[in-house]
Amino acid sequence: MSSSSSLLSEDQLLCCICLDVFTDPVTTPCGHNFCMVCLKECWDSSSRCQCPVCKEEFSRRPELRVNTFISGLAAQFKKSVQVKFSRAPEKQPSKPTKVLCDSCSEEAVKSCLDCGVSYCETHLMPHKTAAKLKKHKLMDPVENLEDYICQKHERPLELFCRDDQTSVCQFCTETDHKTHSTVPIEEEIGDKRTQLVKTQVEVNQMIQDRLKKIEEIKHSVKLNKKSSEKEKADSEEVFRALLRCIERSQAELLEVMEEKQKAAERQAEEFIKELEQEITELKRRDTELEQLSHTEDHLHLLQVYPSLCSRPHTKNWTDVRINTHLRVETLRRALSQLQEELSKEMEKVVVIQLKEVQHYAVDVTLDPDTAHPELILSDDGKRVTCGNTKQKLPKNPKRFDYDLSVLGKEGFSSGRFYYEVQVSGKTEWDLGVTSESSNRKGDITASPGYWMVWLRNETEFIAADFLPVPLSLKQAPQKVGVFVDYEEGLVSFYDVKARSHIYSFTGQSFTEKIYPVVSPCYHFGGKNLKPLIITPVKHDK
């Protein structure tokens, strides 16, 4: 009895998914075999449960069990292959062999699928002359001609079954593939070649897209390096200026302290000199008084007594003190001056920072589908004002129904973006960004998902994400810039004209799209009538 390895070829024991000999083979209800892991991965990666070969779809995922019969055959085949290769001597890869004519030893020029043999030019002649043989299907010579012939009907595989995605002969279309969609193999090849060309075009386009992306990344790295070098230079200059400022302040402080110390010493020397002069004069008078006390000349004593016993003309030293300077106060003044210098340097940093964030400017257009019914938007979506009455607008879950607000059309879920709004001439306004799922209904003052700066009563500035934070600004902004770094969780506001920083929300965690949001607020008694205007960003050189 022949062994299983002689009865079955390797092709019959190959999984059509991994193209290797079966491992834990399983059989589908439609009769096709696969490796268990391959079939499970195929079904796991698709929303449909169907046979990878015949495309039969199963309403429920079949329970897979190893086909022990096929598993045994596969194991025997693997064992026989291992034995064969363990005994076979190592050979060098052979060169492609020529296909020989089955009637002689000459090289074949054609293979006949109907005859099942290959012919040289001489033995092919009957196929060119005999009317019956002219109908045979000829092809370029192949060594494995049996692969092009139906093993069941021994007829040429000249048709293609699109249902089973396999080559069939004419007799197959009358039996197993009777109800299937079949076409001549040439037609299918034409379709496949067309699809191949289309796929190749797509692949080439993907290659070009990726090459372009590589260039974009390289260009981005180049720009980033250039920007980084400039930032380093700017940072070094700022810190050098700060160090110079600190050193200058330290030197000035030491100089002031030294000068005050010297002034105190000079004053002390003057006081000591004056005191020593008075002491000398007092000693002289003491000597005269001593002499007078022992005199016997009574008339002389009476004559000089008034002048010697009167109070000496000396200074009252009781409240005299050396002018000691307050060192802490001197230090405080020096630090205050240093703080002013630091503030000036910080202003320079903000200018650099604002120039950088302006490079992330986006074109913001206001979305009428989100605008409160009392808001009036310009045709280009760049201006918004508060009207006098509510407009009749279609209901929309995205629309604000209480707060006079409107969103930008485009949201951002990554990267950085920046936009500017002209707010001059207004007494109240709100602007900033909000998350896609934030509340749009009712009062949103205390709603999470908003990062805003407000103006109230002409002079009161407030930053609010959930709790309001009062802001102290030197002047009212005429134009406000809003910058968002999505990955960094940063929202910053800038006074564009003054080139100064207003406020930043840091350490935020963004998990959805972020949209620009603005509100012109109500006009009270004819005030606050001017619009909020989304303006184009002018990049400073």
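**Q** Give a detailed account of the packing of aromatic side chains, specifying residues and quantitative values.
**A** Centre-to-centre distance and the angle between the planes together describe a pair of aromatic rings. Applying the stated criterion across every chain, the model contains nine aromatic pairs. Each ring, one from Phe271 and one from Trp317, has its centre 5.8 Å from the other, and the planes form 85°; the classification is edge-to-face. Note that Phe271 is positioned in helix H6 (residues 185-293) and Trp317 in the loop between helix H7 (298-309) and helix H8 (327-357), a separation of 46 residues in sequence. Each member of the pair, Phe271 as well as Trp317, carries the same accessibility label: buried. Every member of this aromatic cluster is reached through a ring pair, and the members are Trp451, Tyr486 and Phe510. Sitting over the face of the ring of Phe171, Arg155 holds its NZ or CZ atom 5.9 Å from the ring centroid. Sitting over the face of the ring of Trp317, Lys315 holds its NZ or CZ atom 4.9 Å from the ring centroid.

**Q** Can you break down the environment of Ser343 residue by residue, with the values?
**A** In this structure, Ser343 sits in helix H8. When its relative accessible area of 37% is taken as the criterion, Ser343 is described as partly exposed. Each C-alpha atom, one on Ser343 and one on Val482, is 22 Å from the other, the two residues being 139 residues apart in sequence.

**Q** Kindly report on the nonpolar core, identifying the contributing residues and their values.
**A** Ranked by internal contacts, the top residues of the largest apolar core, which has 35 residues, are Trp429, Leu431, Phe493 and Val518. Once you skip the residues sitting within four places of it in the chain, Phe493 turns out to touch Leu431, Gly432, Trp451, Met452, Val453, Val480, Gly481, Val482, His501, Ile502, Tyr503 and Phe505. With 20 residues, the next largest nonpolar core counts Leu13, Cys15, Phe22 and Ile70 among its residues.

**Q** Account for a negative patch on the surface, with residues named and values stated.
**A** Together, Glu258, Glu265, Glu269 and Glu270 make up a negatively charged patch on the protein surface. As for its position among the elements, Glu270 is in helix H6.

**Q** Outline the pattern of salt bridges, listing residues and values.
**A** For the structure on display, the rule yields 24 salt bridges. A salt bridge links Arg244 to Glu237; the shortest N-O distance between them is 3.3 Å. On the accessibility criterion, Arg244 (42% relative accessible area) is partly exposed. By relative accessible area, which is 36% here, Glu237 ends up partly exposed. In this structure, Asp363 engages Lys382 in a salt bridge whose closest nitrogen and oxygen atoms are separated by 2.3 Å. Of this pair, Asp363 sits in the loop between H8 and strand S9 (375-377) while Lys382 sits in the loop between S9 and strand S10 (383-386), placing them 19 residues apart in sequence. Overall, Asp363 belongs to the exposed group, its relative accessible area being 61%. When its relative accessible area of 16% is taken as the criterion, Lys382 is described as buried.

Rules used in this analysis
- Within each chain, residue numbers correspond to sequence positions counted from 1 in written order.
- Side-chain atom pairs in this predicted model are given and counted only at pLDDT of 80 or more, local residue features only at pLDDT of at least 70, and totals for whole chains, interfaces and linings cover all residues.
- As a convention, hydrogens and water are excluded, and side-chain values are obtained from all of the structure's heavy atoms.
- Centres within 6.5 Å are what make two rings of Phe, Tyr or Trp a pair, Trp counting through its six-membered ring; a difference in plane orientation under 30 degrees is then read as stacked, over 60 as edge-to-face, and the rest as tilted.
- Only DSSP runs of H or I covering at least 4 residues are called helices, and only runs of E covering at least 2 are called strands; the numbering of each starts at the N terminus.
- Only protein chains enter the calculation, and the probe is 1.4 Å; a residue is then buried if its accessible area is under 20% of its type maximum, exposed if over 50%, and partly exposed in between.
- For a ring to carry a charge above it, either NZ of a lysine or CZ of an arginine must fall within 6 Å of the ring centroid while also lying within 35 degrees of the normal to the ring plane.
- Within this scheme, the nonpolar core is defined by two criteria: the residues are buried Ala, Val, Leu, Ile, Met, Phe, Trp, Tyr or Cys, and they are joined through side-chain atoms within 4.5 Å.
- The contact criterion used throughout is that any non-hydrogen atoms of two residues lie within 4.5 Å.
- Patch definition: residues above 30% relative accessible area lacking any salt bridge, with like charges linked at up to 9 Å and the nonpolar side chains Val, Leu, Ile, Met, Phe, Trp and Tyr linked at up to 5 Å.
- The method behind every accessible area is Shrake-Rupley, applied with a 1.4 Å probe, and residues are considered shielded solely by the protein chains displayed.
- Salt bridges are defined by distance alone: a side-chain nitrogen of Lys or Arg within 4 Å of a carboxyl oxygen of Asp or Glu.
- Counted as positive: Lys and Arg. Counted as negative: Asp and Glu, with His and the chain ends omitted from the count.
- Charge positions come from single atoms, namely NZ of Lys, CZ of Arg, CG of Asp or CD of Glu.

So far we have only geometry, and geometry alone does not tell us how the molecule works.
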